[in-house]
Every structure is written in structure tokens, then in C-alpha cells.
Amino acid sequence: MGQAVKRESGMDAEVPAQLRRRGMAAATSGAGRCRLSKVGAGRRPPPARVRVAVRLRPFVDGTAGENDTPCVRGLDSCSLEIANWRNHQETLKYQFDAFYGERSSQQDIYAGSVQPILRHLLEGQNASVLAYGPTGAGKTHTMLGSPEQPGVIPRALMDLLQLTREEGAEGRPWALSVTMSYLEIYQEKVLDLLDPASGDLVIREDCRGNILIPGLTQKPITSFADFERHFLPASQNRTVGATRLNQRSSRSHAVLLVKVDQRERLAPFRQREGKLYLIDLAGSEDNRRTGNKGLRLKESGAINTSLFVLGKVVDALNQGLPRVPYRDSKLTRLLQDSLGGSAHSILIANIAPERRFYLDTVSALNFAARSKEVINRPFTNESLQLHVLASVKLSQKELLGPSEAKRARGPEEEEIGSPEPPAAPASASQKLSPLQKLSSMDPAMLERLLSLDRLLGSQGSQGTPLLSTPRRERMVLMKTVEEKNLEIERLKMKQKELEAKVLAQEATDPKEKENCSPIMLRPLGRRTVTVAKPLKKAVVMPLQLIQEQAASPNAEIHILKRKGGKRKLESLDASESEEKANDCWELQISPELLTQGRQKILDLLNKGSARDLRSLQRIGQKKAQLIVGWRELHGPFSQVEDLGRVEGMSGKHMESFLKANILGLAAGLRCHPS
């Protein structure tokens, strides 16, 4: 046990060696995804370890009873000790980045651990704050607080909005905007708290490795009042429930996402994006102590499963495994940037001092100790603005420098003469005056370039004018623009002439307006259509009927054939080969066959056994027994329609029953007449 204490207390001393040992693994798991979007592709982002702070809440009743003494004691501002459950005479010591005792205030925790990471958002980097711990340890109080003691979320938003107002003021190089989103993960479903009707959302990953949620509501905020107007109603939508340990226990993981967008006002018009994740995790629960049943038990299972996957992710990062199970849970998928990714992460582990929470406290401290070894690689999310990329599309001539342009010019252009000697120095507006004729340049961009050129020109010889190109190149550029403008004007005139011709033609010949068009299309060639040969029809007849047909060639044959998508029973001569199709179903039976068929069915109903009755269509074992029993009670059937009283058949059902059985019996009537 002494070795375990020594290993835990010396954890910080081993961090540099662990950084070197697991550098490649951390880069593969999280930071390797950042290559496409980081500034300076040749430089690797420096590592940043996950910082861990532990907060010990006071006793719930304010005093420690004799039977419930505290099991945790703080040693200094960074370390604590807890009793060893195997040997009460020994203690386990833990060392973290910060430890806040029972008397620590909300301001102490915010100023000591959270406030320093806000400046990274203005640099275009990501940051995250996670509150972890068992249920009833004070996670929600740490993140939200109360009106008298606001927590991390309101304090961070207040300071962040103040920073953005100062950095985005007039005259500053960057324009800043802030948006917020609020969601919860409830039973592995991502729900938008700002728009609860949106349903379960999906988590995606873009080409640069950034985690995003399509369809998530984003609300712009400019002041703390705007934040409260959106956040307070959304907080009421979060799922909470009562347990034995907490009357308002969080039944889901809540994530507040604050995004800071920065746009540069002057060239080169860069843009940056920083995201702040403020996460209130649901606490792990022991259902034997919380008394969860039914829905609460199901919620507890989902919470514990996601926290178990979170522990697996931390272990995989620490061991340098090739696969990190981020996708095993919605929570870890969303925290992919915070653990082993590209964010400055702070983990606030909340623990309880009561001895009855001893196992939960030890579990939370062990998870915090493992999380302290996770390495992130934050980088700056910076790119050029889209409208600048669209407006600054230069041709190949404009991209050539003076030496390349000189080599590209032909011998005729070289004989024009040397450029004029440089004139006396002029103001910035006079230097740029020939280029103001460029119609392709955005006026706002031109104004910014002029102001920047004047600013650089006021510095004397040290400043270099932005657009001080040689005279010959300016003349070539202006000539190209004028040619393009003349070409556009010529095309416009040609279009107007064509429109005038069309209008004149319509006015002189109005009758042909419907049949003629300004542009006559060449008619398409005829395509020969081959008609498919009619399919041969197969007629299936009983053997007795075929023999009788051979004996009497003038006899009629009754067949059932398909015509035009419908079926039809017709009476045909043996010599006929085909007939026109009909549009409906028709049953044509000679009166003789109809009478004989009905008589045979009636004889079967009156004299046949249950086995004989089953030979009729739509008569099974139960119906046959029912008919035999009805016949014994009421006597023989007088007509076939009496069967409807036995089975409760309607008129349509009786008609279909007769047709089906008469057709089945028709084949044997001629050879075996009744």
C-alpha cells in the first residue's frame, strides 16, 4: 500500500516523461485530425495536459455528526488525502492542479481554474469545462450556482461577453460575434433544449475533424441579458427527477456550447472560430442507495453506461491504444475535442465528505487522477473569409511579378520604350488613382486598402505602399479591363438588336406567333418503332374435355383466358384463333352448365359427408362439420342459397362461392353427369 501512495503522490513528476512516451499516441487519437485547419502546416501544436481541480463540498446539514465523520481531508491547495478502506491506519494521497476545500467560494473556483482559459477563445482555440462526480456531490451547483452565488456558467459568459465587446470595438482589427447553443444527452439521445420539438439530433464530423451537430439551434447574444433570455427557459426543459439522495437529480448530461467568431476588418481578412464547452455531467448512481425503479432505473443505466465509456476513453488515451472508443457513446463522441483533441480542458471533480459516499469519492478521485494524464493539442482555427476569396481571383497576368511579366512580354512590347522616370512622391490617394477604374474591385475593399496604404505611407520610408506597381504593368492592366468592358458593351448591343428583331417579327406576323419561335430547332429524325409480337396464350383443359372435343368437333369449349390486363371466360369455337380484348371481368357459362353445377353442389350439401364437402372450394373441416350438423337439425337444403344462413354469407360472398365451385365442377360434368 505504501507503494501505491508513493505512486499517486509523485504523479506530477512523471508527466514530462509520459508526454514524451505517449506523444505519438496522443497525436494519432485527437491532434492528428487537426492538420488540415491549423495555422502553419509545418509546425506541430504544442501539447497541453488536461487540468484537474477537485472541489470538496461541505456537509449537507452543515455539521459532521459523530457517526458520520469526514473521510477526506485537504493537505494544501493542490493535494488531499482520504482514508484507506483496507487499512484505517493509512491514507491515500492525491495531488492535482488545484484543490478547493469546504470553505471555498464559487469565485475562488472560477478565478483559479476557469477564467484563465477564456483568453484562448480570442485566439481562435477551443476550451472546455467539465463537472464530474457522483450524484449529490454538487456538480450542478458548481456550474450554475444560485442568484446569490452564481456558478461557472454565468461568470464565464459575463466575462467572455465583456472581452468580446472590448476586442471588437471600433478601431480594433477584429470584429467579434458570439452565439450559444444548449443541448442535453438523455438516454443516448441528443436533444436541443432551445428547441425541444426538434427531436433526436445526430453528431457529425467534418473534413477537418471538427465535431458538429447539424440542426442545432444557435442564438446570437451580445449582452448577458440576451444570454439569460435564452438560457433560463431552456434550463427548464432539462430532464430532472427526485431520488433518495437528491430531490432535483440531473437525469441527463447538459452541454452549453458558446461559439466566438472573429473576422478581420483589414487585409488579409482572416477569420477565427473558438468554441467553449461548459458541460454538467450527470452523476454516477448506486441504485441500491438511490432506490431507482422503473424509468429512473433506466435513466440510471444510461448515465452509468456513458460514464463507463468515458473512463474507457481516458484509459485508452493514457495507454496509447490505436483505437479510442469515442463512438461507443454520444457523450464521448461530443467530448472528442475535450479529451485527447484540440481543446484546453478543465475537469472539476466534485466529491462529498461523508463516509457513506466513500466508494463514490474514491472512484471519482481515481478517474480524476487518470484524466490528468490525458494530453490535448490545441491549435488556432483560422482561415480566410469566403467573400474575400471570391473577390480576389486574379488572372495569370496579374499574378506575375515584374521579372516574370518582363519575360512574358514579346519583343514588340519591349520596343515601346523604357518607363518614365519616377515622379515626385505623392499622397496615397494619388498613387492609387489609376487603379480606381477597376470595376471588378469591391468598393469596400478598395476603401480599406486606401486607408491601410495611407497608414503605411505616413510611416515614411519604412512603410511600403501596397499597390505601388510599375507604370507599364498598370497600363497593361487598365487596357485589359477596358477591353473587357468594350466586349461586354458590344454583347449587350447585340442582344438588344436580336430582341428588337424578334419583337418586329411578332408584330408583322401575329398569326404565326404561336407556331414560330425566335430560335428554330432542327426536327429530330424519326425513330423506327418495332412492335412486339403478341404472346402466345396457353389454354389448360381437362383430358376428358379434350377427348369429347375430338369426338364432336362442333362442340363448344369453355376456357378462362386473360385479355387486356383482365381475365374473362368466353365461349369460343375450336377453329377460332384470337378475339378482341375486353375491359372488364365477365363470366359466361351456358344455362345448362349453370343448372347442372348448382344441382351437383346441392346434392353434395344434402348427401355428401364431411370429407365430400371439403372437396368444395372455400369449405374447410370446420365449415364441413357445421353444414353436416345443420343438416341433421333442420333437414336437407332446398336450394344452394340456404348455405348463406349456415355460414352468414352475404350476397356477394355467395355469388363468388357459386362461381368458384361451378367452374371447378364444370370440367367433370360432361363426362360424369349427375
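Residues numbered from 1 in each chain as written. Predicted model: local features only at pLDDT ≥ 70, side-chain atom pairs only at ≥ 80, totals over all residues. Heavy atoms only, no water.

- As annotated in an unreviewed UniProt entry, the chain carries the name Kinesin-like protein and is attributed to Equus przewalskii.
- What UniProt states about the chain under its Sequence similarities (unreviewed entry) heading is, verbatim, "Belongs to the TRAFAC class myosin-kinesin ATPase superfamily. Kinesin family."
- A UniProt comment under Subcellular location (unreviewed entry) is attached to the chain, and it reads "Cytoplasm, Cytoskeleton". (UniProt positions renumbered as here; feature names shortened; annotations may be inferred.)

1. Notes on the overall build of the chain
- The number of helices and strands found in the chain is 24 helices and 23 strands.
- The long-range share in the chain, meaning contacts at least 24 apart out of those at least 6 apart in sequence, stands at 67%.
- A total accessible area of about 40,000 Å² is found for the chain, and carbon and sulfur atoms account for 54% of it. (Helix = DSSP H or I, 4+ residues; strand = E, 2+ residues; numbered from the N terminus. Contact = heavy atoms within 4.5 Å. Areas by Shrake-Rupley, 256 points an atom, 1.4 Å probe, with all protein chains shown as cover.)

2. Regarding the UniProt feature "coiled-coil region" (unreviewed entry) in the chain
- The feature "coiled-coil region" (unreviewed entry), as annotated in UniProt, sits at residues 481–508 in this numbering.
- Helix makes up 100% of residues 481–508 and strand 0%, whereas the separation of the span's terminal C-alpha atoms amounts to 41 Å.

3. Re the packing of aromatic side chains
- Using the criterion set out here, one finds six aromatic pairs in the structure.
- With a centroid separation of 4.9 Å and an interplanar angle of 20 degrees, the aromatic rings of F227 and F231 are classed as stacked. Taken as a pair, F227 and F231 lie in helix α7 (residues 224–236) at a separation of four residues, close to a single helical turn.
- Every member of this aromatic cluster is reached through a ring pair, and the members are Y182, F224, F227 and F231. (Phe/Tyr/Trp six-rings, centres within 6.5 Å; stacked < 30°, edge-to-face > 60°.)

4. Describing the sheet that holds strand β3 (residues 72–74)
- Read from one edge of the open sheet, three strands run β3-β4-β5, paired in antiparallel fashion. Each edge of the open sheet is held by one strand with a lone partner, namely β3 and β5 (91–95). Neighbour-to-neighbour, the strand axes of the sheet open up by a mean angle of 25 degrees, direction not taken into account.
- Pairing of strand β4 (residues 79–83) with β5, which is carried by five bridges, proceeds in the antiparallel orientation. When the sheet's bridge partners are listed, L80 is paired in β5 with Y94.
- Strands β3, β4 and β5 of the sheet are contacted by helix α11 (residues 358–371), whose axis makes an angle of about 145 degrees with β4. (Pairing = 2+ DSSP bridges. Axes fitted to C-alpha atoms, helices over the stretch in contact; angles between N-to-C directions.)

5. A short note on the pairing of strand β2 (residues 51–56)
- With respect to burial, β2 is a largely interior element, five of its six residues being buried.
- Pairing of β2 with strand β18 (residues 343–351), which is carried by six bridges, proceeds in the parallel orientation. Note on β18: the bridge partner recorded for R55 is N350. (Buried < 20%, exposed > 50% of the residue type's maximum accessible area, 1.4 Å probe, protein only.)

6. Notes on unusual backbone geometry
- Put simply, A267 and P268 share a cis peptide bond, and its omega is 10 degrees.
- Along the chain, P268 turns up in the loop between β16 (253–264) and β17 (270–280).
- Look at E188: it is not a glycine, yet its phi comes out positive at around 60 degrees.
- Structurally, E188 is set in the loop between β8 (174–186) and β9 (189–192).
- Among the residues examined, E188 registers a relative accessible area of 32% and is labelled partly exposed.
- A positive phi is found at F269, a non-glycine position, where the angle reads about 60 degrees.

7. Section: the side chain of S338
- Secondary-structure assignment places S338 in the loop between α10 (330–334) and β18.
- Within polar-contact distance, the side chain of S338 engages the side chain of S128 at 3.1 Å. (Polar contact = N/O pair within 3.5 Å; in protein donor to acceptor, adjacent residues only side chain to side chain.)

8. Comments concerning the environment of L183
- When you line up the elements, L183 lands in strand β8.
- Taking the relative accessible area as the measure of exposure, L183 reaches 3% and is therefore buried.
- Sequence separation between L183 and A234 is 51 residues; the distance between their C-alpha atoms is 8.8 Å.
- Sequence-distant contacts of L183, defined by excluding residues within four places in its chain, comprise V190, L191, L193, I213, L216, H253, A254, V255 and L334.

9. Focus on the pattern of salt bridges
- Applying the stated rule across the entire model yields 17 salt bridges.
- In this structure, the salt-bridge partner of R327 is E205, at a minimum N-O distance of 3.9 Å. Residue R327 is found in the loop between α9 (295–319) and α10, and its partner E205 is found in strand β11 (residues 204–205); the two are separated by 122 residues along the sequence.
- Classification of R327 by relative accessible area gives exposed; the value is 62%.
- Taking relative accessible area as the criterion, E205 reaches 30% and is therefore assigned partly exposed.
- If you follow the salt bridges from partner to partner, you end up with E264, R270, R272 and E382 in one network. (Salt bridge = Lys/Arg side-chain N within 4 Å of Asp/Glu carboxyl O.)

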